[in-house]
Amino acid sequence: MSVQDPASATPPGSRVGSLRLRMMRLEDAPAAAAIERASFSEGWPLTAFERELSLNPAARYVALEGAAPPGSHALEREVVGFAGLWLMLDEAHVVSVAVAEQHRGRGLGRLLVHGLVDVAYQHKMSVATLECRESNVAARSLYREYGFYEVGVRKRYYADTHEDAIIMTTEELDSPAYRERYARLAASLAARLPGVSLHVRQGARIKGNRSPGWLQGR
Ligand SMILES: CC(C)(COP(=O)(O)OP(=O)(O)OC[C@H]1O[C@@H](n2cnc3c(N)ncnc32)[C@H](O)[C@@H]1OP(=O)(O)O)[C@@H](O)C(=O)NCCC(=O)NCCS
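Note that the structure is predicted; figures quoted are calculated from it, not measured. (Residues numbered from 1 in each chain as written. Predicted model: local features only at pLDDT ≥ 70, side-chain atom pairs only at ≥ 80, totals over all residues.)

Trainee: Talk me through the overall build of the protein chain; I want residue IDs and the actual numbers.
Mentor: When its secondary structure is counted, the protein chain shows five helices and seven strands. Going from N to C terminus, the protein chain has its helices and strands arranged as β-α-α-β-β-β-α-β-α-β-β-α. Out of the 218 residues belonging to the protein chain, those deemed buried represent 30%. Summarising the internal contacts of the protein chain: among those between residues at least 6 apart in sequence, 63% fall at separations of at least 24. (Helix = DSSP H or I, 4+ residues; strand = E, 2+ residues; numbered from the N terminus. Buried ≥ 20, exposed ≤ 12 C-beta atoms within 10 Å, placed from the backbone. Contact = placed C-beta atoms within 7 Å.)

Trainee: Describe the sheet that holds strand β3 (residues 77–88), with residues and values.
Mentor: In spatial order, the strands read β1-β2-β3-β4-β5-β7-β6; together these seven strands make up an open sheet with mixed pairing. In this open sheet, the two edge strands, each paired with only one partner strand, are β1 (18–23) and β6 (149–154). Strand-to-strand twist in this sheet, taken as the mean axis angle between neighbours without regard to direction, amounts to 25°. Bridge analysis of β3 against strand β4 (residues 91–99) gives eight bridges, and the strand direction is antiparallel. (Pairing = 2+ DSSP bridges. Axes fitted to C-alpha atoms, helices over the stretch in contact; angles between N-to-C directions.)

Trainee: Before we move on, can you summarise the packing of helix α3 (residues 108–122) against helix α5 (residues 176–192) with the specific residues and values?
Mentor: Between α3 and α5, whose axes approach to 11 Å, the crossing angle comes to 140°. Considering the relative orientation of α3 and α5, their crossing is left-handed. Residues Arg 110, Leu 111, His 114 and Val 117 of α3 pack against Tyr 182, Leu 185, Ala 186 and Leu 189 of α5. (Left-handed = near helix turned anticlockwise from the far one by under 90°.)

Trainee: Lay out the nonpolar core in plain terms, naming residues and giving numbers.
Mentor: Ala 32, Val 62, Leu 64, Phe 82, Leu 112, Leu 116 and Ala 120 are the most contacted members of the largest nonpolar core, which has 46 residues in total. Among the elements that line this core, the one with the most residues is α3, at eight residues. For Ala 120, the contacting residues outside a window of four places in its chain are Leu 85, Ala 92, Met 125, Ala 128 and Leu 173. (Core = buried A, V, L, I, M, F, W, Y, C linked by C-beta atoms within 7 Å.)

Trainee: Could you give me a rundown of unusual backbone geometry, with the residues and numbers involved?
Mentor: Of note, Leu 89 is a non-glycine position whose phi angle comes to about 55°, a positive value. Leu 89 gets classed as exposed once you count the C-beta atoms within 10 Å, which come to 8. One non-glycine residue, Lys 124, adopts positive backbone phi at about 55°. Inspection of the secondary structure assignment puts Lys 124 in the loop between α3 and β5 (127–133). A tally of 11 C-beta atoms within 10 Å means that Lys 124 is categorised as exposed.

Right, here's the structure in full:
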């Protein structure tokens with residue numbers, strides 16, 4: 001399912017013609033690593049993504065794919081954002097959410113978090129949790145919308161700046177209140193991104209069952 005980008009007034013290069021939310025594949029790792037590097041002061045290297053996607057049985061990553069708008073010379077389809085979580089017993093622990101800078105502020109971060117909660121539902125997780133930099137106003141506001149509330153602080157958690165991490169969690173995902181919130185957010189996203197599928201399509205996590213080169217010989 002795809003959708004025309006409603007943000008027609010955005011500058012060239014920031015427009016995408018259609019959007020699709022799907023599970024991330026190994027071949028998406030370079031694009032995700034590039035977005036990650038541009039988004040975080042301590043971005044993961046490409047090998048970390050490859051390891052997550054091929055070796056970590058608890059990891060589930062979602063990619064947001066955009067098509068170039070008609071008439072543009074950009075690549076036919078590109079990853080414009082990604083998000084990941086770890087399935088830890090009955091807890092979905094969000095490890096990352098990032099949108100390419102030129103595509104921010106148009107609901108795509110919200111779409112990715114929506115997709116992560118969808119994945120958590122698919123795996124029957126009880127709650128979702130995460131840590132977030134105290135100074136990351138945009139992310140904290142986005143997570144609050146999705147029902148994450150603050151339950152504690154990890155002092156000097158981040159090695160680069162020694163900034164505190166805010167610990168956030170949702171209530172039970174299966175509670176009537178959360179189901180109602182999620183339905184309300186789905187309706188609001190559907191109005192903002194008409195026609196886009198909010199459901200993450202499952203599929204082989206690693207296309208062709210390939211392993212990264214560094215795994216060979218082990
Ligand atoms: C956080 C991030 C994913 C948001 O992506 P986005 O596509 O810009 O988000 P959306 O357009 O869907 O906005 C969703 C909500 O986030 C909040 N938000 C987004 N940008 C914001 C900003 N600059 N200031 C304050 N709130 C902001 C708002 O609540 C917004 O809701 P609204 O559209 O109703 O105002 C993006 O800024 C990003 O990739 N940042 C770098 C990586 C990062 O910090 N990730 C989170 C920590 S893991």
